[in-house]
Amino acid sequence: MIRLLIADDHPAFRRGLELMLADADDIPIVGEADTGERAVELAESLAPDVILMDLRMPGLDGIEATRRLTRVRSAAAVVVLTMFEDDDSVFAAMRAGARGYLLKGAEQDEIIRAIRAAAAGEAIFGPQVAQRIIAHFASGSGSVAAAFPSLTEREREVLEMVATGKGNAVIAHELMISLKTVRNHVSNIFTKLQVSERSQAIVKAREAGLGRA
């Protein structure tokens, strides 16, 4: 039997999952959480084998909840089930320790297969997500992630642009974000790369393969 915990802040969606999984006799739903905090609490008290985790929930989000759960040696396997398929969300979930990533709208068989795979220690991703992961590593981004594992996807994107010599105003314009947001990203990058100025960050970035095009 695979004991399942569902973490999602939408009651109607949780009910839909209950109905969807009703035919899977080997997957009893042992609990439901509507916040990340509640998911962590129920995981400790109910000891589920797998948690279906939404990313956007009030208070503690699914990423941080997953990170906290995976720190525990006997933690349940987390399979993300969300509507977000952007690179930032996908790779943040993977770095947090998720063993699977599906999009809401996945078919019943796909969700059941992911739950069973996660319980068996495997990792499984939906087709769209798998394509993003393949494209990410095919573009060489995987090596950058290895070089700078503490950076978020957005911070790597900003660092790539810094490495090509672009200023903050240009970066803000091209990414369609505020100048203040760019400055915050750059400041975080400096801290994580342990550098004090832009030229040092550019050197480190180019040594990792960024900004050479």
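The notes below deal with the structure included here.

The rules behind these values
Residues numbered from 1 in each chain as written. Predicted model: local features only at pLDDT ≥ 70, side-chain atom pairs only at ≥ 80, totals over all residues. Heavy atoms only, no water. Helix = DSSP H or I, 4+ residues; strand = E, 2+ residues; numbered from the N terminus. Buried < 20%, exposed > 50% of the residue type's maximum accessible area, 1.4 Å probe, protein only. Contact = heavy atoms within 4.5 Å. Areas by Shrake-Rupley, 256 points an atom, 1.4 Å probe, with all protein chains shown as cover. Lys, Arg positive; Asp, Glu negative; His and termini not counted. Charge placed at Lys NZ, Arg CZ, Asp CG, Glu CD. 1 Å grid on protein atoms, 1.4 Å probe; cavity = no way out; pocket = protein on both sides within 12 Å on 5 of 7 lines; lining within 4 Å. Points joined across faces, edges and corners; volume = space filled by probe spheres on them. Salt bridge = Lys/Arg side-chain N within 4 Å of Asp/Glu carboxyl O. Core = buried A, V, L, I, M, F, W, Y, C linked by side-chain atoms within 4.5 Å.

**What to know about the overall build of the protein chain**
Alright, step 1. Within the protein chain, the secondary structure is distributed over 11 helices and six strands.
Alright, step 2. A principal-axis box enclosing the C-alpha atoms of the protein chain has dimensions of 60 × 30 × 30 Å.
Alright, step 3. Buried residues in the protein chain amount to 44% of all 213 residues.
Alright, step 4. When contacts within the protein chain are restricted to residue pairs at least 6 apart in sequence, long-range pairs at least 24 apart make up 62% of them.
Alright, step 5. Looking at the protein chain as shown, the accessible area adds up to about 10,800 Å², and 52% of this sits on carbon and sulfur atoms.
Alright, step 6. Seen as two clouds, the 25 positive and the 30 negative side-chain charges of the protein chain have centres 7 Å apart.

**Describing empty space enclosed by the protein**
Alright, step 1. The tally for this structure, following the rule as stated, stands at one cavity of 30 Å³ or more.
Alright, step 2. Computed from the structure, the largest cavity encloses a volume of approximately 30 Å³.
Alright, step 3. For the largest cavity, the full set of lining residues is Ile6, Ala7, Asp8, Phe13, Leu17, Leu52, Met53, Asp54 and Leu81.
Alright, step 4. Contributions of two or more residues to the lining of the largest cavity are made by β1 (4-7), α1 (11-21) and β3 (50-53).

**Notes on the pattern of salt bridges**
Alright, step 1. What the rule picks out here adds up to 13 salt bridges.
Alright, step 2. One salt bridge in this structure joins Asp26 and Arg116, with 3.0 Å as the shortest N-O distance. Taken together, the residues Asp26 in the loop between α1 and β2 (29-33) and Arg116 in helix α5 (residues 108-119) connect sequence positions 90 residues apart.
Alright, step 3. For Arg116, a relative accessible area of 39% puts it in the partly exposed group.
Alright, step 4. Glu155 is the partner of Lys192 in a salt bridge, and the nearest nitrogen-oxygen pair spans 2.8 Å. Residue Lys192 is located in helix α10 (residues 179-193), and its partner Glu155 is located in helix α8 (residues 153-163); the two are separated by 37 residues in the primary sequence.
Alright, step 5. Classification of Glu155 as buried rests on a relative accessible area of 4%.
Alright, step 6. Within this structure, Asp8, Asp54 and Lys104 form a network of salt bridges that share partners.

**A word on the nonpolar core**
Alright, step 1. The biggest cluster of nonpolar side chains holds 21 residues, and the ones touching the most others in it are Leu4, Ile27, Val50, Leu52, Val79, Ile111 and Ile115.
Alright, step 2. Looking at this core, the elements with two or more residues in it are β1, α1, β3, β4 (77-82) and α5.
Alright, step 3. With six residues, α5 is the largest single contributor of residues to this core.
Alright, step 4. Dropping the residues within four chain positions of it, Ile111 is found in contact with Leu17, Met20, Leu21, Leu52, Leu81, Leu102 and Ala106.
Alright, step 5. In terms of nonpolar packing, the next biggest core, distinct from the first, is built from 20 residues, Val158, Met161, Ala205 and Leu210 among them.

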